[in-house]
Amino acid sequence: MSGAVTESMIVIETPRLRLRTFTPEDAPFYLALINEPSWIANIGDRNIHTVDAARAALEAGPIAQFREHGYCFYIIERRSDGVAMGMGGMIRRDSLPGPDIGYAMLPAYWGQGYAWEATAAIVRHARHTLRIPTLYGITSPQNQASINLLNKLGLRFERFSRLPPAGKDTNIYRKDFRQD
């Protein structure tokens, strides 16, 4: 997969959701999501404040990750009307031995089961389609909603760490599919 990405690809579908790859045209949505106060508090400020900077971040992040690893963070859309509600998927970090599952939803879509539906589908995709042997999850110690979701997905607390580049306190969770 080389060259410019101009169209998205649906990777996962659930009864209510469609998870698709990002394209540069998704920059306005991405910019809004990463500047939500909940994103900044729980994930961190990316210091991205323009559509052009968001487009560059997408190209260097999820789009490049998909090209290199065959997985990435995807846009989470509602199937009924195509509304983008958040993002979720997996990322490869140098600081972990395997992919890390993650998600973020716009606050208007919290508490409706969308994050659970999307992340459960991502776990199934990782295990059965991509055949990833071990999946990780990271969250700040105070993000109880994400801790609860990781536990519900079957990831178990492994250790406390400070991951680069920010060196913030982080909980590391793990699910080893070889033991299932």
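It should be noted that the structure appears before, not after, this text.
The structure contained in this document is the topic of the report that follows. (Residues numbered from 1 in each chain as written. Predicted model: local features only at pLDDT ≥ 70, side-chain atom pairs only at ≥ 80, totals over all residues. Heavy atoms only, no water.)

### Comments concerning the overall build of the protein chain
Along the backbone of the protein chain there are 5 helices and 8 strands. The helix and strand sequence of the protein chain, counted from the amino end, reads β-β-α-α-α-β-β-β-α-β-α-β-β. Against the 2.2 N^0.38 benchmark of 16 Å for 180 residues, the protein chain shows a C-alpha radius of gyration of 15 Å, consistent with a compact globule. When the backbone C-alpha atoms are referred to their principal axes, the protein chain occupies close to 40 × 35 × 35 Å. Here the contacts in the protein chain between residues at least 6 apart in sequence split such that 56% fall between residues at least 24 apart. Averaging the locations of the 21 positively and 18 negatively charged side chains of the protein chain gives two centres separated by 7 Å. (Helix = DSSP H or I, 4+ residues; strand = E, 2+ residues; numbered from the N terminus. Rg over C-alpha atoms; globule rule 2.2 N^0.38 Å. Contact = heavy atoms within 4.5 Å. Lys, Arg positive; Asp, Glu negative; His and termini not counted. Charge placed at Lys NZ, Arg CZ, Asp CG, Glu CD.)

### Here's the deal with the side chain of serine 140
With respect to the element layout, serine 140 can be found in the loop between β6 (134-139) and α5 (144-152). Look at serine 140 and you get buried, because its relative accessible area is 10%. For serine 140, the residues in contact, after removing those within four places along its chain, are Asn42, Ile147, Asp169 and Asn171. (Buried < 20%, exposed > 50% of the residue type's maximum accessible area, 1.4 Å probe, protein only.)

### A few points about the packing of aromatic side chains
Note on aromatic pairs: each is described by the distance of the centres and the angle between the planes. According to the stated counting rule, one finds 3 aromatic pairs in the structure shown. Taking 5.9 Å as the distance between ring centres and 75° as the angle between the ring planes, the aromatic pair formed by phenylalanine 22 and tyrosine 30 counts as edge-to-face. Grouping residues by exposure puts phenylalanine 22 and tyrosine 30 together as buried. Ring centres 5.7 Å apart and planes at 80° place the aromatic pair phenylalanine 157 and tyrosine 173 in the edge-to-face group. Taken together, the residues span a long stretch of sequence, with phenylalanine 157 in strand β7 (residues 156-163) and tyrosine 173 in strand β8 (residues 168-176) at a distance of 16 residues. Taking relative accessible area as the criterion, phenylalanine 157 reaches 46% and is therefore assigned partly exposed. Sitting above the plane of the tryptophan 116 ring, lysine 152 keeps its charged end 4.5 Å from the centroid. (Phe/Tyr/Trp six-rings, centres within 6.5 Å; stacked < 30°, edge-to-face > 60°. Lys NZ or Arg CZ within 6 Å of the ring centre and 35° of its normal.)

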